[in-house]
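Observations on chain architecture
Letter by letter, the chains look like this.
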Amino acid sequence: MGATNRRRLAAVALAAATTLLVTTACGNGDDAGDGTITLTVDVFGQFGYDELYQQYMDDNPGVTIVERGTGGNLDEYSPKLTQWLAAGKGAGDIVAIEEGLLVEYKANPDNFVNLLDHDAGELQGNFLDWKWNAGLTADGAHLIGLGTDVGGMAMCYRTDLFAEAGLPTERDAVSALWPTWADYIRVGERFTAAKTGAAFLDAATNTFSTIVLQTAGNTNGYHYYDTDDELVVDTNPAVRQAWDTTMDIIDSGLSGRYSAWSEEWVSAFKQATFATIACPAWMTGVIEGNTGTAGAGKWDIARVPGDGGNWGGSYLAVPKQSRHQAEAVKLAMFLTSAEGQIGAFKAKGPLPSSPQALGDPAVTEATNAYFSDAPVGQIFAAGAKGLKPVYMGPKNQAVRTEVENAVRTVELGQRTPEQGWSDAVANAKKAAAK
Amino acid sequence: MSVQLDARPPTPAAPPGRTTRLHRLSRMDLRWSPYLLIAPFFLLFAIFGAYPLGYTLWVSLHDWDLLGSDPTFVGADNYTALLADSDFWHAVVNTLGIFVLSTLPQLLAALWLANLLNRQLRARTGWRMAVLVPNVTSTAAVAIVFGVLFGREFGMVNWLLDLVGVDAIDWKSNRYASWFAISTMVDWRWTGYNALIFLAAMQAIPRDLYESAAIDGAGRIRQFWSITAPLLTPTIIFVAIISTIGGLQLFTEPRLFHSGPNPIRGGPLRESQTMTMYMFENAFAPYYNFGYGSAVAWLLFVLIAAVATVNVLVIRRLGNGGRKGGRG
C-alpha cells in the first residue's frame, strides 16, 4: 500500500470516527427542536390505550406518544424496568408497574417522581381507597403510582366444549354449577368423563393464584407476608388451604398442564384443548388475543367458584429520569382518570379502579361480543367496589414464583404434594432471604 | 546472491546535522510505532473489558440491591454463600453437561465436515458458504423455533417420535432431555462455523505430505489421523477455547427454549438453568441482588479459565502424541 493510499485510509477512518461520535452525541435527543416532545409509555400485556393516546395527541398538539411493550410478558418486562431504573437511563416517561412488584419499587421511592408534588393529591377521590393507598409509601409522603385497573375475578369457559361434554352452556346455569371449588372439581370430573379430548383447565398455577388471593382477601387480608412483613408461607392457613384445593384439582387430573404464558399455552387456546380458565378482568383481553378471531362467540364468562377475589392490577408511575416529568405526569393523570379507565376497559377489558368509572353506565352496561355478549360490566364491576385488597410483602414476587413453581412441579408429576409443599416453604424462605 | 526487491533510488547524502535528527526520529519510530498501532485495541479493551471486569469484582464484594441507594461492603460473603448454594452448583452441572453434550459432537462433526469440504467438489465455494448459513441466522429465532419443535404437546419432535411409537417426551421439564434439545440448537448453529475454520487450516497443510503418504500406502483415514489431525492441533486448541468460552456462557438458547412464568429458571426444577441464567436470575428479576449476581459472574469467569486450560493441556498432549506417531 502506497503512502497516499495509507493517508487516504487514515482520513476515511478519522471521518468515520468523527461521524460516529457526532451521531452518538445527538443520537438520543427526542426533541425535534420545534417545541414538540415525545412521551414514551412502557407497558406489558394489554393496557388498551391506543385510542386514548390519539385523543390526547389531538388535544395536545405538542405531544407525541409512543408505547413500548404491548403484549409482552410481565416476567420479561420487570427486569428491564429495574435495569433502566438502576442505570438511571432507558425507562419510558411513564412506566406501568404491576401491584405485586410495586412493593419492591416503593422501597426506593427516589427512583420516581412524587406525584403529590404535582397536585395528584386532589385525585384521591377518583380511586378506590385501597388502590390509592397502595400507591403511597409507608409514611404517606410519596405517591409513586396512580392506579389503572383492578383484577376482579370470574371464570371464563368455552361453550362449545361444555356442550360437547353435555354440560349446560348458559352462563347463569354454569355459575350455578360451581358455588365452591369442590363443586368446580366435581364439574371438572364430569367434563373429563365425557372424553372431549380437552382438559378442564389450563394450568394449576393460574387456579392456585386465584384461590390464594381469594382466600387471603376473604380471611386475614395477606398471603405470603403478614402485615408486619414477616414471611408466613408455612403458617398462613389461607396459603395452605389454597394449596390443598389446588392439589385436589391436580389429583383429579383436570389440568392441561400448560405452562401459563408459554407458547404452548397460547397454542392450547387456539387448539381449544382446555375448557375453563380463571379469569381476572384483564384476562379477557389475553384470551381474545390468544384464541384469535376463530374463537369469537365460543367463550363465555361465569362466576368464579368461591367468593370473589382480586388478582392483579397495575399502576402508572413517572421515573425521575424522565426528561419531561411534568408532561408525563399530566398524561398519566389523563390515562388513569375515570374517562381514561373507561376507554381502556372498552378497548381491552382491564377493570377500572375508579369508583366513578365503575359506576358509569359505559362500564356497568358493557357487554363483550367476543365472549358471547357476556355482560362484563355487571360480572366484573358489580363486585369490584367491595374488593378486599391482599397485602403484598417486600419480596412478594420472588416468593410467589417459588410457591407457584412448586405447584407446577406437582402438576408435572415431578414431586408429590408433600415434597412440593416442603419445596415451596424452603424455597420461599430462601428467596425471601436473598 | 540476494535479490533486492524493494529497490529505491539512492538517497542523496543529507547534511550531517539533519542526519542525526532524522536518525533519532526513525529510531523512535521503529521503537514506539508498533505500540501506538496496537494501542487502540488495548484502549478499547481497558474501557469495555478490564473496567467492567474490575467493577463486577467490586460489586460482588457488596450487598448491593439493584434499586437500593447505598450498597454495603460485605467482603467475600457473597462468595461463601454462593459456594454453599445448591442451586448454584446445580447450574454449574447443567452448564458443564450442556457444554460437553454440545461441544464434543460439534467439534468432531466440524472436523469431519471440513475434511469432506477439503476434497475436489463441484461448486466447492457454494458448499463451503452453505455450511455457514445456520450461523448467520439469529440465535433468538433459532431458539424460539427449536423451543416450538421440542414442545410437549404440539411439538414436531414428539410428533415424529409418536410415528415410530415412542411416548411423548417432556423436553422442557426433563433434565437430560432439555440438555439434549439445547445442545442440538448449539450444534446446528456452530458446526458449520467451526468447520470453516478447520477447513482454512487444512488448506495450509502442504499437498506433498499427502502425496508422499499416499505413495507410502496410507489410506484416507490413515492420512487424516497421521497428517491432518496433528498439524491441525493449534487450530483445534483455538476452536476449543472459543467453544469453551461460548459454551459455558450459554444463555440465549436455554433462556428462549423456556417460555412462560419465570423462564430464567430453565424449567420448574431448574432442569436446564445455566450459570449465566442463574447470574441473571440473581442480579435481576426476581431477586435484584446485584452483588450476588456479580459473584456468580466472577466464578463463571474462573470456571471458563479452568476449563479452557484443561482443554488446551488435553489437546496438546493428544496432538503431541499424534505428531510423534506421524513423524515416526
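Residues numbered from 1 in each chain as written. Chains lettered and ligands numbered in written order. Predicted model: local features only at pLDDT ≥ 70, side-chain atom pairs only at ≥ 80, totals over all residues. Heavy atoms only, no water.

1. Overview of the overall build of chain A
Basically, it comes down to this: Counting from the N terminus, the helices are DSSP H or I runs at least four residues long and the strands are E runs at least two residues long. Every radius of gyration here is taken over C-alpha atoms, with the globule rule written as 2.2 Å times N^0.38, N being the number of residues. Classification of residues uses two cut-offs on accessible area relative to the type maximum, computed with a 1.4 Å probe and protein chains only: under 20% is buried, over 50% is exposed, and between them is partly exposed.
Within chain A, the regular secondary structure consists of 19 helices and eleven strands. Its C-alpha radius of gyration of 24 Å places chain A within 12% of the 22 Å reference for a compact globule of 434 residues. Across its three principal directions, the C-alpha atoms of chain A cover 85 × 60 × 50 Å. With 434 residues in all, chain A has 57% of them scored as buried.

2. A look at the domain arrangement of chain A
Residues and elements named next belong to chain A. The test is simple: Note: domain ranges come from an automatic or database domain assignment. Two residues qualify as a contact provided that any one of their heavy atoms is within 4.5 Å of a heavy atom in the partner residue. Accessible area that two parts lose when put together, with a 1.4 Å probe and added across both, is what the buried area reports. Every case where a carboxyl oxygen of Asp or Glu lies within 4 Å of a side-chain nitrogen of Lys or Arg is listed as a salt bridge. Under this definition, polar contacts are N or O atom pairs within 3.5 Å; protein pairs additionally need one hydrogen-donor-capable and one acceptor-capable atom, and for neighbouring residues in sequence, both atoms have to be side-chain atoms. Nonpolar residues are Ala, Val, Leu, Ile, Met, Phe, Trp, Tyr, Cys and Pro. Charged residues are Asp, Glu, Lys and Arg, and all others, Gly as well, are polar.
You can read the domains of chain A as domain 1 (3-150 + 313-358) and domain 2 (155-311 + 374-433). If you look at the interface, domain 1 gives 18 residues, while domain 2 gives 21 residues. Counting the surface domain 1 buries against domain 2, the share from its top three residues, Trp130, Leu351 and Leu358, is 27%. One can count zero salt bridges joining domain 1 with domain 2. For the pair domain 1 and domain 2, the interface holds two residue pairs in polar contact (both at pLDDT 80 or more). Where the side of domain 1 that touches domain 2 is concerned, the elements lending two or more residues are helix H4 (99-106), strand S5 (149-150), helix H14 (338-348) and helix H15 (355-359). Here the element with the most residues in the side of domain 1 that touches domain 2 is H4; it accounts for five residues. Tallied by class, the residues present in the side of domain 1 that touches domain 2 amount to ten nonpolar, four polar and four charged.

3. Comments concerning the pairing of strand S6 (residues 153-158) of chain A
Residue and element names in this part refer to chain A. Quick note on the threshold: We call two strands paired when DSSP finds no fewer than two bridges between them.
Burial runs high along S6: six of the six residues are buried. Side-chain alternation along S6 places Met153, Met155 and Tyr157 on one buried face and Ala154, Cys156 and Arg158 on a second face that is also buried. Pairing between S6 and strand S8 (residues 274-280): five bridges, direction antiparallel. Directly across from Met155, in S8, lies its bridge partner Ala278. Pairing of S6 with strand S9 (residues 299-302), which is carried by four bridges, proceeds in the antiparallel orientation. Each residue of the ladder has a partner; that of Met155, found in S9, is Ala302.

4. With respect to the UniProt feature "domain: ABC transmembrane type-1" (unreviewed entry) in chain B
Stated formally: UniProt positions are given in the numbering used here, feature names are shortened, and annotations may be inferred rather than shown by experiment.
Taking the numbering used here, the UniProt-annotated feature "domain: ABC transmembrane type-1" (unreviewed entry) corresponds to residues 92-311 of chain B. As a span, residues 92-311 of chain B carries 72% helix and 0% strand, and end to end its C-alpha atoms are 17 Å apart.

5. What about helix H6 (residues 139-149) of chain B?
Three- or four-residue spacings in an α-helix give side chains the same orientation, since the helix completes a turn every 3.6 residues. Residue and element names in this part refer to chain B. Heads up, the rule is: Throughout, the arc means the angular range of directions from the helix axis out to the C-beta atoms.
Among the residues of H6, those classed as buried are Val142, Ala143, Phe146 and Gly147. Within H6, the buried residues cover an arc of 130° as seen down the axis, which keeps them to one side. Contacts from the buried residues of H6 go to helix H8 (175-203) and helix H12 (252-257).

6. Some words on the packing of aromatic side chains
Using the following cut-off: In summary, the pairing rule links any two rings of Phe, Tyr or Trp, Trp by its six-membered ring, whose centres are within 6.5 Å, and it sorts them by plane angle into stacked for under 30 degrees, edge-to-face for over 60 and tilted for everything else. By definition, being over a ring means that NZ of Lys or CZ of Arg is both within 6 Å of the ring centre and within 35 degrees of the ring normal.
The final tally for this structure, using the stated rule, is 49 aromatic pairs over all chains. Ring centres 4.8 Å apart and planes at 70° place the aromatic pair Phe150(B) and Trp171(B) in the edge-to-face group. You can see Phe150(B) sitting in the loop between H6 and helix H7 (156-163) and its partner Trp171(B) sitting in the loop between H7 and H8, a full 21 residues away along the chain. Among the aromatic side chains, those forming a connected cluster through ring pairs are Tyr258(A), Trp261(A), Trp265(A), Phe269(A), Phe274(A), Trp282(A), Trp299(A), Trp311(A) and Phe154(B). Directly above the aromatic system of Trp84(A) lies the positively charged group of Arg68(A), at a separation of 5.0 Å from the ring centroid.

7. What to know about helix H17 (residues 376-384) of chain A
Residue and element names in this part refer to chain A. Turning to H17, its buried residues are Val376, Gly377, Phe380, Ala381 and Ala384. Looking straight down H17, one finds its buried side chains confined to an arc of 100°; they lie on one side. Every exposed residue of H17 that faces more than 90 degrees away from the buried side is listed here: Gln378 and Ala382.

8. Topic: the packing of helix H2 (residues 50-59) of chain A against helix H13 (residues 325-335) of chain A
Two quantities define a packed helix pair, namely the angle between the axes and the distance from one axis to the other. All names here are of chain A. For clarity, the threshold we go by: Note on geometry: axes are lines fitted to C-alpha atoms, helical ones only across the stretch in contact, with angles between N-to-C directions running from 0 to 180 degrees. We call two directions roughly parallel when the angle between them is under 35 degrees, roughly antiparallel when it is over 145, roughly perpendicular when it lies between 65 and 115, and oblique otherwise. For any pair of crossing helices, the crossing counts as left-handed if the nearer helix is rotated counterclockwise from the farther one by less than a right angle, and right-handed if it is rotated clockwise.
The contact between H2 and H13 brings their axes to 11 Å, and the two run at 130°. Accordingly, the angle class assigned to the pair H2 and H13 is oblique. Remark: the crossing between H2 and H13 carries right-handed chirality. Across from Leu52, Tyr53, Gln55 and Tyr56 in H2, the residues of H13 making contact are Glu327, Lys330, Leu331, Phe334 and Leu335. Broken down by class, the residue content of the contact of H2 with H13 amounts to six nonpolar, one polar and two charged.

9. Observations concerning the sheet that holds S9(A)
Residues and elements named next belong to chain A. The four strands are arranged S7-S8-S6-S9 in an open sheet whose pairing can be described as mixed. The open sheet has two edge strands, strand S7 (199-201) and S9, and neither has a second partner. Averaged over neighbouring strand pairs, the angle between their axes works out to 20° when direction is ignored.

10. Here's the deal with the environment of Ala285(B)
When you line up the elements, Ala285(B) lands in the loop between helix H13 (275-283) and helix H14 (290-327). Sequence separation between Ala285(B) and Leu108(B) is 177 residues, and the spatial gap between their C-alpha atoms is 38 Å. Contact partners of Ala285(B), with chain neighbours within four places excluded, come to Ser78(A), Pro79(A), Ile264(B) and Phe280(B).

11. A few points about a positive patch on the surface
Rule in force here: Put simply, a patch holds well-exposed residues, over 30% relative accessible area, that have no salt bridge, with like charges counted together within 9 Å and Val, Leu, Ile, Met, Phe, Trp or Tyr side chains within 5 Å. In this description, accessible areas are obtained by the Shrake-Rupley approach with a 1.4 Å probe, and a residue is regarded as covered only by the protein chains that are shown. His is not counted here, nor are the chain ends, while Lys and Arg score as positive and Asp and Glu score as negative. Taken as the charge location is NZ of Lys, CZ of Arg, CG of Asp or CD of Glu.
On the surface, Arg21(B), Arg24(B), Arg27(B) and Arg31(B) cluster together into a patch of positive charge. Checked against the element boundaries, Arg31(B) lands in helix H1 (residues 16-60).

12. A short note on the interface of chain B and chain A
Across the boundary between the two partners, chain B contributes 36 residues, which contact 41 residues of chain A. Between chain B and chain A lies a buried interface of about 3100 Å² when both sides are counted; carbon and sulfur atoms form 51% of it. When residues of chain B are sorted by the area they lose upon contact with chain A, Leu67(B), Phe154(B) and Tyr287(B) head the list and together hold 23% of the total. On the surface where chain B and chain A come into contact, there are five salt bridges. Of the charged contacts, one joins Glu402(A) and Arg270(B) as a salt bridge, the two residues approaching to 3.7 Å between their closest N and O atoms. Where chain B touches chain A, the interface holds 19 residue pairs in polar contact (both at pLDDT 80 or more).

13. Notes on the UniProt feature "transmembrane region" (unreviewed entry) in chain B
Residues and elements named next belong to chain B. When the UniProt feature table is mapped onto this chain, "transmembrane region" (unreviewed entry) is found at residues 35-58, 96-117, 129-150, 190-210, 231-251 and 295-315. Taken end to end, residues 129-150 is 77% helix and 0% strand, and its first and last C-alpha atoms sit 28 Å apart. End C-alpha atoms of residues 190-210 are separated by 29 Å, and the span's content is 86% helix alongside 0% strand.

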